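Spelled out, the chains give:
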Amino acid sequence: MTATTNTGTGTGTTSTPGTAAVPPPGHPKHVTTDQAERPRAPLGHRRLLTRRDRLTLGLMAGVPTILHVALVWLTALASIALAFTTWDGIGFDSIKWVGLDNFRELFTSNPQFWPAVEHNVIWFVVLILLPTPFGLFLAVQLDKKIRFSRVYQTAFFLPVVMSLAVVGFVWQLIYNPDTGLINSIIGANEPGRYIDWIGDPDLNLWAVLVAASWRHTGYMMILYLAGLKSVDPALREASALDGAGEWQTFKNVVFPTLRPTNTVVLVVTIIEALRAFDLVFVFNKGAQGTELLSILVTNNIIGESSRIGYGSAIAVVLLVISLAVIIPYLIATFRKERRA
């Protein structure tokens, strides 16, 4: 045994060969006997979530998933299956398989189908040619940080927040033959000079499109404004240093960078044109020149003579047209994400 005494500090420590020195109590490395003998649980076996947490997460994720599957996927598959049957909606025993008869009648014998398709195409063309460029123009002006830009954004975006049914009621008042704003301004509210904007088959579709464009302009403005905010200011500064004017900078520098936004705008406009329903139904229930595919689906399913199978066939046609637009967009988006 050897003993070592430190006379300078007045303390002595004795070390024994084969025995490690134990830190005094309170030292960070001090470990008691119970702690040393207690086995440590591996990190991978620790429970990060309690049973209650797992139950809560299961409910939060499971209930929306079940509702989505039941209300979207199952109903869509049921509509596809019913498109090949005839059913009046009274009892499942009355469902009869007819194959492609519904589609054959739809394409050859229904006098409203092809006009409805034409009106949906016109709806898309008008939305892409009028409110979309005007929304881009408003977005470019508001991106210049003019005074009261927030007020202008709110005013132009307000129709988008409003329900389409409310928009329809507002424009019904504007188009009223007797007391409407338009007829009062142009003097067409007098006997013999009435202009029936809603009842005239040559005017009512264009009247509805004006109301739809009024709402769609604010939607496009917000989309393009978000795209303009993501443009690198250095690009505009470099263009200005090269002597390019405002129009040249927008055409050659800013607009090419809005390509992702243009893709979103195109898809959104197509979807808006295909699902158009509320405005037309509020105006005149899709009659006298305002037929749309969505109106035909509703009239055949919940009309007086319920033809659920036939209405489902029209819905399937509308679904196929929608998928023909959405699927290429999703494929292009996924390819860009993989490249990134």
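If you're wondering where the values come from, they're calculated on a predicted model, not measured in any experiment.

What counts and how
Residues numbered from 1 in each chain as written. Predicted model: local features only at pLDDT ≥ 70, side-chain atom pairs only at ≥ 80, totals over all residues. Heavy atoms only, no water. Patch = residues over 30% accessible without salt bridge, like charges linked within 9 Å, V, L, I, M, F, W, Y side chains within 5 Å. Areas by Shrake-Rupley, 256 points an atom, 1.4 Å probe, with all protein chains shown as cover. Salt bridge = Lys/Arg side-chain N within 4 Å of Asp/Glu carboxyl O. Lys, Arg positive; Asp, Glu negative; His and termini not counted. Charge placed at Lys NZ, Arg CZ, Asp CG, Glu CD. Helix = DSSP H or I, 4+ residues; strand = E, 2+ residues; numbered from the N terminus. Buried < 20%, exposed > 50% of the residue type's maximum accessible area, 1.4 Å probe, protein only. Axes fitted to C-alpha atoms, helices over the stretch in contact; angles between N-to-C directions. Parallel < 35°, antiparallel > 145°, perpendicular 65-115°, else oblique. Contact = heavy atoms within 4.5 Å. Nonpolar A, V, L, I, M, F, W, Y, C, P; charged D, E, K, R; others polar. Phe/Tyr/Trp six-rings, centres within 6.5 Å; stacked < 30°, edge-to-face > 60°. Lys NZ or Arg CZ within 6 Å of the ring centre and 35° of its normal.

A. Quick peek at a positive patch on the surface. Residues Arg 259, Arg 335, Lys 336, Arg 338 and Arg 339 make up a contiguous surface patch of positive charge. Along the polypeptide, Arg 338 turns up in helix H15 (residues 308-339). Residue Arg 338 is classed as exposed on the basis of its relative accessible area, which comes to 75%.

B. Main features of the pattern of salt bridges. Considering all chains together, one arrives at 7 salt bridges under this definition. Here Glu 105 and Arg 307 are joined by a salt bridge, their closest N and O atoms 3.3 Å apart. Here Arg 307 lies in the loop between helix H14 (293-302) and H15 and Glu 105 lies in helix H3 (residues 101-108), a separation of 202 residues in the sequence. Under the relative-accessibility criterion, Glu 105 is labelled partly exposed at 29%. Among the ionic contacts, a cluster of salt bridges with common partners joins Asp 143, Lys 229 and Arg 236.

C. Up close: the packing of H3 against H15. Following both chains from N to C, one finds H3 and H15 inclined at 70°, their axes separated by 9 Å at the closest point. Relative to H15, the element H3 is oriented roughly perpendicular. Contacts between H3 and H15 pair Asn 102, Phe 103, Glu 105, Leu 106 and Phe 107 from the former with Gly 309, Tyr 310, Ala 313, Ile 314, Val 316 and Val 317 from the latter. Among the residues forming the contact of H3 with H15, the class breakdown is 8 nonpolar, 2 polar and 1 charged.

D. Up close: unusual backbone geometry. A positive phi is found at Lys 285, a non-glycine position, where the angle reads about 60°. Topologically, Lys 285 is positioned in the loop between helix H13 (278-284) and H14. The phi dihedral of Gln 288 falls on the positive side, at around 55°, and the residue is not glycine. You can see Gln 288 is positioned in the loop between H13 and H14.

E. Looking closely at the packing of aromatic side chains. All chains considered together, the criterion is met by 14 aromatic pairs. With centroids separated by 5.6 Å and ring planes inclined at 20°, the aromatic side chains of Trp 87 and Phe 92 adopt a geometry described as stacked. An aromatic cluster is defined as three or more aromatic residues linked by ring pairs; in this entry it consists of Trp 171, Tyr 175, Trp 197, Trp 214 and Phe 283. For Arg 307, the ring lying beneath its charged end belongs to Tyr 310, and the centroid distance is 4.2 Å.

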